[in-house]
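As a plain string of letters, each chain reads:
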Amino acid sequence: MLRSILILIISLLTIPVANAKQLAITLDDAPRKADGYFDGPTRAKTLIENLEKHKIGQVTFFATTQSLNQEGLERIGTYNKAGHIIGNHTHSHPNFLETELSVYQSDFLQAHHLLQQFDNFKPYFRFPYLREGETIEKRDGMRNLLQKNNYQNAYITLNNYDWYIEELFQAAVKVGKPVDMERLSKFYVDVLMASINYYDDMASKYLGRSPKHVLLLHEMDITALFIGDLARRLQREGWEIISLQEAYQDPIAKYQLDQPIKYNPGRIGEIALAKGQKKNLWHYTLDESYLEKRFNQEVLLMSDH
Ligand SMILES: [Zn+2]
């Protein structure tokens, strides 16, 4: 009797841990263009404050080093000093589909050297636009260079168009349209959660489990403003935020698609593709006109006619 009660108590205690879905947060293009709603330093300060206030822990910034002017250096320095990880996102953010392998490799190496100045630099490489090379020669050229420099391909699993929500927001601010921040926050969080759940369901379908996920975000004003609201909603829906290092302990970190592809939906999408899924590798929220329509209705309260 006592034994079965003990077993019951132990199993009840372990349920929440076993069921917690996990994700790491990454922010690309740092220091990304600013001077719309916030200037660069205010964005960095707001972002750090919200990460701390909401106890989000360590996130990873993917830096493009061509943007490291004095102000850009200070922004990355702020993130570095606050204990966040700095990864490589190339020097000039080239589109690999339009760039020769040797040019792309030099761009990667230039960023690699410039990023050594940050104590929290880690050899993680995020391909701009997630494009990893559309031919075997280009793809293997980068795979080999990453391996030679002990890099992890910093793949993502949770894809979205957060950058387009930022564009819609900045465009409204620029022409002086009043933007209700509570509505904007709700719109941002709702759209992101829909794509997060979509890719987690896709993972369950093909892997039979929820893997350690990697969320793609960008270093932008809406991220600085609402990352805490997003974290609260994630926690409420049973998600735990983990470090990128922990996320890449998942077996899917070693997964490699056989055939090179032009456009990459993220690691779960790649696995789905390899298992025969041809459609809907990108969630329907990854669409500019869809987002614009909803933004106009739900944030700006414009009617449809
Ligand atoms: Zn990027």
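Worth saying up front: this structure is predicted, and the values here are computed from it rather than measured.

**Concerning the coordination of the zinc ion**
Taken together, the protein donors to the zinc ion comprise Asp29 (OD), His89 (NE2) and His93 (NE2), at separations of 2.1 Å. Sequence spacing among the residues donating to the zinc ion works out to D-x59-H-x3-H.

**Quick look at the UniProt feature "domain: NodB homology" (unreviewed entry) in the protein chain**
According to UniProt, the positions carrying the feature "domain: NodB homology" (unreviewed entry) are residues 19–136. For residues 19–136, helix accounts for 36% and strand for 19%, while the C-alpha atoms at its two ends are 39 Å apart.

**Quick word on empty space enclosed by the protein**
Scanning the model with the defined rule gives one cavity of 30 Å³ or more in all. Looking at the largest cavity, its volume works out to about 60 Å³. Lining the largest cavity, in full, are Arg126, Phe127, Leu130, Glu132, Asn153, Ala154, Tyr155, Ile156, Asn264, Gly266, Arg267 and Glu270. Partitioned by chemical class, the residues of the lining of the largest cavity number five nonpolar, three polar and four charged.

**Details of the environment of Glu52**
One can find Glu52 in helix 2 (residues 40–53). Separated by 179 residues in the primary sequence, Glu52 and Ala231 have C-alpha atoms spaced 12 Å apart.

**With respect to the pattern of salt bridges**
Per the counting criterion, the structure on display carries 17 salt bridges. Measuring nitrogen to oxygen at the nearest pair gives 3.2 Å for the salt bridge that ties Arg232 to Asp229. Residue Arg232 and its partner Asp229 are both found in helix 8 (residues 221–236); the two are separated by three residues, about one turn of the helix. Among the salt bridges present, the one from Arg267 reaches Glu270, with a minimum N-O distance of 3.0 Å. In this pair, Arg267 and Glu270 both sit in helix 10 (residues 267–274), three residues apart, roughly one turn of the helix. Shared partners join several salt bridges into a network, and the residues in it are Arg43, Glu71, Arg75, Glu219 and Asp221.

**Structural notes on the packing of helix 6 (residues 162–174) against helix 8**
It is the contact of helix 6 with helix 8, at a shortest axis distance of 9 Å, that shows an interaxial angle of 110 degrees. The angle between the axes of helix 6 and helix 8 places the two elements in the roughly perpendicular class. On helix 8, the residues touching Asp162, Ile165, Glu166, Phe169 and Gln170 of helix 6 are Asp221, Ile222, Thr223 and Leu225.

**Focus on helix 4 (residues 101–114)**
For helix 4, built from 14 residues, the straight-helix expectation of 20 Å at 1.5 Å per residue is met to within 8% by its first-to-last C-alpha distance of 20 Å. Burial in helix 4 covers these residues: Leu101, Tyr104, Gln105, Asp107, Phe108, Ala111 and His112. Seen end-on, helix 4 carries its buried residues on one side only, within an arc spanning 160 degrees.

**Quick notes on the packing of aromatic side chains**
On inspection of all chains with the given rule, the structure shows 17 aromatic pairs. Judged by centre distance (3.9 Å) and plane angle (5 degrees), the rings of Phe61 and Tyr79 are stacked. Of the two residues, Phe61 sits in strand 2 (residues 60–63) while Tyr79 sits in helix 3 (residues 70–81), which places them 18 residues apart along the sequence. Just as Phe61 is buried, Tyr79 falls in that class too. Aromatic side chains Phe96 and Tyr104 sit 3.8 Å apart centroid to centroid with 15 degrees between the ring planes, which places their arrangement in the stacked category. With respect to burial, Phe96 and Tyr104 carry one shared label: buried. When the ring centre of Phe62 is taken as reference, the NZ or CZ atom of Arg126 above it lies at 4.4 Å.

**Examining the layout of surface pockets**
In this approach, a probe sized like a water molecule rolls over the atoms, and the result shows the empty space that is left. Of the volumes computed, that of the largest pocket is approximately 570 Å³. If you go around the largest pocket, you meet 31 residues; those closest to its centre are Leu146, Gln152, Asn153, Ala253 and Gln256. Only strand 4 (121–125), helix 5 (136–148), strand 5 (152–153) and helix 10 provide two or more residues apiece to the lining of the largest pocket. Classifying every residue of the lining of the largest pocket gives 14 nonpolar, eight polar and nine charged. Taken as a whole, the second largest pocket spans an internal volume of roughly 480 Å³. Around the second largest pocket, the lining is made up of 23 residues, and of these Tyr129, Tyr161, Trp163, Leu216 and His218 lie nearest the centre. Taken together, the elements giving at least two residues each to the lining of the second largest pocket come down to strand 1 (21–30), helix 6 and strand 6 (212–218). In the lining of the second largest pocket, the residues fall into 10 nonpolar, six polar and seven charged.

Definitions and cut-offs
Residues numbered from 1 in each chain as written. Predicted model: local features only at pLDDT ≥ 70, side-chain atom pairs only at ≥ 80, totals over all residues. Heavy atoms only, no water. Donors = N, O, S within 2.8 Å, 3.2 Å for Na, K, Ca; no water. UniProt positions renumbered as here; feature names shortened; annotations may be inferred. Helix = DSSP H or I, 4+ residues; strand = E, 2+ residues; numbered from the N terminus. 1 Å grid on protein atoms, 1.4 Å probe; cavity = no way out; pocket = protein on both sides within 12 Å on 5 of 7 lines; lining within 4 Å. Points joined across faces, edges and corners; volume = space filled by probe spheres on them. Nonpolar A, V, L, I, M, F, W, Y, C, P; charged D, E, K, R; others polar. Salt bridge = Lys/Arg side-chain N within 4 Å of Asp/Glu carboxyl O. Axes fitted to C-alpha atoms, helices over the stretch in contact; angles between N-to-C directions. Parallel < 35°, antiparallel > 145°, perpendicular 65-115°, else oblique. Contact = heavy atoms within 4.5 Å. Expected span 1.5 Å × (residues − 1). Buried < 20%, exposed > 50% of the residue type's maximum accessible area, 1.4 Å probe, protein only. Arc of directions from axis to C-beta. Phe/Tyr/Trp six-rings, centres within 6.5 Å; stacked < 30°, edge-to-face > 60°. Lys NZ or Arg CZ within 6 Å of the ring centre and 35° of its normal.

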